[in-house]
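Residue-level structural notes
The lines below spell out each chain.
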Amino acid sequence: MSKYVIAAFIFWVYGGAMSFAQDKNVLIIFIDDLRPELNSFGANYIHSPNIDSLNARGRGFSRHYVNAPSCGPSRYAFLTGQYGLEYRGESNQSLFKRAEGVNDENVSIAPSMPEWFRNNGYATVSVGKVSHHPGGRGGDNWNDSNISEMPNAWDKHIMPVAEWESPKGAMHGLANGKVRTPDNRDIIEAVVGNDKSYPDGHIAEEGLRQIDALVKGDKPFFLAIGLIKPHLPFGVPKKYFDLYENVEIPPALHPEKPKGRTTWHGSGEFMNYNRWGKDPRNDKDFALKLKKYYAACVSYADKHVGDIIQKLKETGADKNTIVVLWGDHGWHLGEHSIWGKHSLFEESLRSPLIIYDPTMQNRGEMSDAIVESVDVFPTLCDMTSLSIPSFTEGISLKPLIENPDTTGHEAVAYISNATTIRTDQYRFTQHKDGAVELYDHQNPLGEQLNIAEHNPKIVQELRTLLLSKTADKAFIYSNK
């Protein structure tokens, strides 16, 4: 046997095996502040045909929970596969704090998910809001190329700013280049115009260009596209608001402020916008109007999802691309007398997760298993035949992709001064000062009735379970 034949055989065995292991592309669509208020998730008053179509062909997770109810730490957990409890006091700066360690040769920091794929031969590109800052850069206007939010992660990280001039301006931008200022903070807006009246139209368009470029490359790709809406302010092209003109949207369940010690807050982010003196906590008509604007923003995001999926089909990449759609956290629309996120209640922590694999079976069957955002990193490794790194704290969801009736696992989340765990029946929350909350989701009152005082055995069991998952000893008080 000649050396050329031997070389060809070796390449076929090893190089060909590597190519086969990596032939599936990955596309992740990030949507900001998206609660599971979608038609296919049970909200039949929402116009979300494109996300619903993806759900019908993939695996939706009806009980997916994020690991923090705020953009920065939630995206940290998703993008690293780690809870990030060591950065819990950094708020939305957790990825930047991690970056300081990455850039310090004396510190060992595990690779992020896109970096892991990049190290394994993938072309990695992000467009829009993927990490906390759209475009993934720091500086006063979030456009300093010397300050990367995720070093070593991306071959390209792109944020088209158009007439908003900077990523920071686009993040909270109103229509046609208007930037949020102390004097320009309207909470709702609808303008007659096309999809590029707001930044997401430009983000989606750039995402389509990147798909075209990546499918022509010689590597599998890992592409992340991050849409900003329905994040505040609730501004949309009017045609999306018109979808809800005669639609009846139900009022919030349990709109009362909960009694006792909880993670309730005064909706500060929301209340800092111009509301023309109106407060939805005591104005039902204004609350309904806001819910319609939120729904319109969901439909606007859904349109872009449809365009992205259609581009995959046009290029033929849909035949070998895993698609993930992820909401970075939930959002209160009046539940518990909160407008916004940042609590450890169900409404802040539950968000949509859909995973589609072109080779999957049992398509369209929703999974009711509890899963969490840190699971996505090991899942995508498992589905692309990459090794699952030992440092990830999640669990591969591949068994649930194959069989939606497979059992899930508990979900952990945190804010700066409290940690929570969600089981099939209970939510248990431990405050830093020792206060606890326990809610029974088989009780119609759910998270309105704290039953911790009368169930010390369950409290102790869940406290122990929380500790076993997080080793967060600073927040666990065994003597309480």
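Residues numbered from 1 in each chain as written. Predicted model: local features only at pLDDT ≥ 70, side-chain atom pairs only at ≥ 80, totals over all residues. Heavy atoms only, no water.

**Points about empty space enclosed by the protein**
The condition that has to hold: Both site types are read off a 1 Å grid over the protein atoms alone. A 1.4 Å probe that fits but cannot get out defines a cavity, while an open set with protein on both sides within 12 Å along at least five of seven lines defines a pocket; lining residues have an atom within 4 Å of a point. Grid points are joined across faces, edges and corners, and a volume is the space filled by probe spheres set on the points. For helices the rule is a DSSP run of H or I covering at least 4 residues; for strands it is a run of E covering at least 2, with both sets numbered from the N terminus onward.
Scanning the entire structure with this criterion turns up three cavities of 30 Å³ or more. Residue lining of the largest cavity: Ala170, Met171, His172, Gly173, Tyr198, Pro199, Asp200, Ile228 and Lys229, and that is the complete set. Of all the secondary structure elements, the ones that give two or more residues to the lining of the largest cavity are α6 (167-171) and α7 (199-215).

**Topic: the sheet that holds strand β6 (residues 156-158)**
Think of a sheet as strands paired side by side through backbone hydrogen bonds, with each pair either parallel or antiparallel. For the record, the criterion: A pair of strands is labelled paired if DSSP reports no fewer than 2 bridges between them. Here an axis means a line fitted to C-alpha atoms, over the contact stretch when the element is a helix, while the angle between two N-to-C directions is reported on a 0 to 180 degree scale. A contact between two residues is defined here by any heavy atoms of the two lying within 4.5 Å.
Taken in spatial order, the eight strands of this open sheet run β6-β3-β8-β1-β10-β13-β2-β14, and their pairing is mixed. Every other strand in the sheet has two partners, leaving β6 and β14 (367-372) as the edge strands with one partner each. Put simply, the sheet's adjacent strands are angled 20° from each other on average, direction ignored. Bridge count between strand β1 (residues 25-31) and strand β8 (residues 221-227): six bridges; the pairing is parallel. Across the sheet, residue isoleucine 29 finds its bridge partner in β8, namely isoleucine 225. Strand contacts of α7: β3 (123-128), β6 and β8, with the helix running at about 170° to β8, the strand carrying the most contacts.

**Structural notes on the environment of glutamine 361**
Along the polypeptide, glutamine 361 turns up in the loop between β13 (353-356) and β14. Sequence separation between glutamine 361 and arginine 59 is 302 residues, and the spatial gap between their C-alpha atoms is 9.6 Å. Beyond its immediate sequence surroundings of up to four residues, glutamine 361 is in contact with Arg59 and Ile401.

**Regarding the nonpolar core**
Here is the rule: To define a nonpolar core, start from buried Ala, Val, Leu, Ile, Met, Phe, Trp, Tyr and Cys residues and group those joined through side-chain atoms within 4.5 Å. Any residue under 20% of the maximum accessible area for its type is buried, any over 50% is exposed, and the rest in between are partly exposed; the area is computed with a 1.4 Å probe on protein chains only.
Counting residues in each nonpolar core, the largest one holds 111 residues, and the members touching the most others are Ile28, Ile31, Phe117, Leu223, Leu353, Ile355 and Leu380. Ranked by residues supplied to this core, first place goes to helix α10 (residues 284-315) with 15 residues. Core analysis: the next-biggest nonpolar cluster, separate from the first, contains 17 residues, Ala68, Val412, Tyr426 and Val459 among them.

**Notes on unusual backbone geometry**
Following lysine 229, the chain continues into proline 230 via a peptide bond in cis, with omega recorded as 15°. In this structure, proline 230 sits in the loop between β8 and β9 (234-237). A cis amide bond, omega -5°, links leucine 232 with the succeeding residue proline 233. By secondary structure assignment, the location of proline 233 is in the loop between β8 and β9.

**Some points on the sheet that holds strand β18 (residues 436-440)**
Judged by pairing direction, the sheet is antiparallel, and its four strands sit side by side in the order β15-β16-β17-β18 without closing on themselves. Only two strands of the sheet have a single neighbouring strand rather than two, namely β15 (411-415) and β18. With strand direction ignored, the average angle separating the axes of adjacent strands in the sheet is 15°. Sheet topology note: the strand β17 (residues 426-431)/β18 ladder contains five bridges and is antiparallel. Bridging from a neighbouring strand, threonine 429 pairs with glutamate 437 of β18. Relative to β17, helix α14 (residues 456-470) is tilted by about 75°, and along the sheet it contacts β15, β16 (418-422), β17 and β18.

**Things to note about helix α2 (residues 49-57)**
Given 3.6 residues to a turn, an α-helix orients residues that are three or four positions apart in the same direction. The condition that has to hold: Note that the arc is computed from the directions linking the helix axis to the C-beta atoms.
If you check which residues of α2 are buried, you get Ile51, Asp52, Leu54 and Asn55. All buried residues of α2 lie within an arc of 160° about the axis, which places them on one face of the element. Against the buried residues of α2 lie β1, β2 (59-65), α10, β10 (321-327) and β13.

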